[in-house]
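These are the residues of each chain, in order.
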Amino acid sequence: EEVTIFEGETPAKVVVEKVVAYPDTGESDEIVLRNEGGKIADLTGWTITDSRATESHVFGTPGCEGNATIAPQEYIVITPQDDFNPCGFPFGISFNDILMFYDENNNLIANVSWDASEKGSAIRLINGKYVSISEVSTVVDVLKDLEEFSTFYKALVATGVDTILASPI
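All values derive from a computational prediction rather than experimental measurement. All chains use their own residue numbering, which begins from 1 and follows the written sequence. Whole-chain, interface and lining totals are the exception, using all residues; otherwise, since this is a predicted model, local features are given only for residues with pLDDT of at least 70 and side-chain atom pairs are given and counted only at 80 or more. Side-chain measures here rest on the full set of heavy atoms in the structure, leaving out hydrogens and waters.

Draft legend 1. Structural detail: the side chain of His57. Only DSSP runs of H or I with at least four residues qualify as helices, and only runs of E with at least two residues qualify as strands; both kinds are numbered from the N terminus onward. Following the sequence through the fold, His57 ends up in strand 5 (residues 57-58). Here's how the labels work: a residue is buried when its accessible area is under 20% of the maximum for its type, exposed when over 50%, partly exposed in between, all with a 1.4 Å probe on protein chains only. With a relative accessible area of 4%, His57 lands in the buried category. A 3.5 Å cut-off defines polar contacts: any pair of N or O atoms within that distance qualifies, except that in protein one atom must be a possible hydrogen donor and the other a possible acceptor, and neighbouring residues in sequence count only when both atoms are side-chain atoms. Here the side chain of His57 touches Gly88 through a polar contact of 3.2 Å, landing on its backbone oxygen. Throughout, a contact is declared for two residues whenever any of their heavy atoms are within 4.5 Å. Beyond its immediate stretch of four places on either side in the chain, His57 contacts Trp46, Thr47, Ile48, Asn67, Ile78, Cys87, Gly88, Phe89, Pro90 and Phe91.

Right under this line is the structure:
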């Protein structure tokens, strides 16, 4: 089955949307890149690395061309390189680290840093800045912790909807 991707007028714009640096038990480190633009993003020759790495992840290397493009408004998830995932990133991410993402001309596209990631949390891009958010908390707890959503959280509490959302399914 052939899939047709319709492109918009805006150029590709790739962001580091999420970094899981200290995953919950049974989970893996991961880096999520999203194309917020209207055109397909070609990442061939782009690199991503962390502050401690001696190697960088290079997009589009032979055998790994599949992780070198991102359709408009889509994302890719990159996990550590191993025997089952030869196209993953060849470095470890620490609970306190800096991740750097460069284009094919070695221009810095994103610099994501964190001091102390908690187990089960992720560093996410929200409203143009990176914040640490628990991935094992309820939606209500996350909204409570994010200053950007304080008005919404207060409305949930005032109406009692917070208790419904916090209930187990």
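Draft legend 2. Representation of the side chain of Ser94 within the structure. Looking at the secondary structure, you find Ser94 in the loop between strand 7 (75-78) and strand 8 (97-102). With relative accessibility at 18%, the residue Ser94 sits in the buried group.

Draft legend 3. Seen up close, the layout of surface pockets. For each structure, a 1 Å grid was placed over the protein atoms alone; sets of points admitting a 1.4 Å probe that cannot get out are labelled cavities, open sets with protein on both sides within 12 Å along at least five of seven lines are labelled pockets, and lining residues have an atom within 4 Å of a point. Grid points are joined across faces, edges and corners, and a volume is the space filled by probe spheres set on the points. Size it by volume and the largest pocket reaches roughly 260 Å³. In terms of lining, the largest pocket is formed by 15 residues, of which the most central are Ser132, Ile133, Ser134, Asp145 and Leu146. Elements with a minimum of two residues in the lining of the largest pocket: strand 11 (129-134) and helix 1 (139-145). Examining the composition of the lining of the largest pocket, we find that five residues originate from one element, strand 11, more than from any other.

Draft legend 4. Spatial organisation of unusual backbone geometry. With phi around 65°, Asn106 is a residue other than glycine that occupies positive phi space. Here Asn106 lies in the loop between strand 8 and strand 9 (108-114). Even without being glycine, Asn127 reaches a positive phi, approximately 50°. Assignment of secondary structure puts Asn127 in the loop between strand 10 (121-126) and strand 11.

Draft legend 5. Spotlight on the environment of Leu165. By the secondary structure assignment, Leu165 is in helix 3 (residues 161-166). Overall, the relative accessible area of 42% leaves Leu165 in the partly exposed class. Each C-alpha atom, one on Leu165 and one on Ile78, is 31 Å from the other, the two residues being 87 residues apart in sequence. For Leu165, the residues in contact, after removing those within four places along its chain, are Val140 and Leu156.

Draft legend 6. Main features of the pairing of strand 2 (residues 30-35). With respect to burial, strand 2 is a largely interior element, six of its six residues being buried. The alternating pattern of strand 2 places Glu30, Val32 and Arg34 and Ile31, Leu33 and Asn35 on opposite faces, both of which are buried. Sheet topology note: the strand 2/strand 7 ladder contains four bridges and is antiparallel. Counterpart to Val32 in the pairing with strand 7 is Val77. Two strands qualify as a pair provided DSSP detects at least 2 bridges between them.

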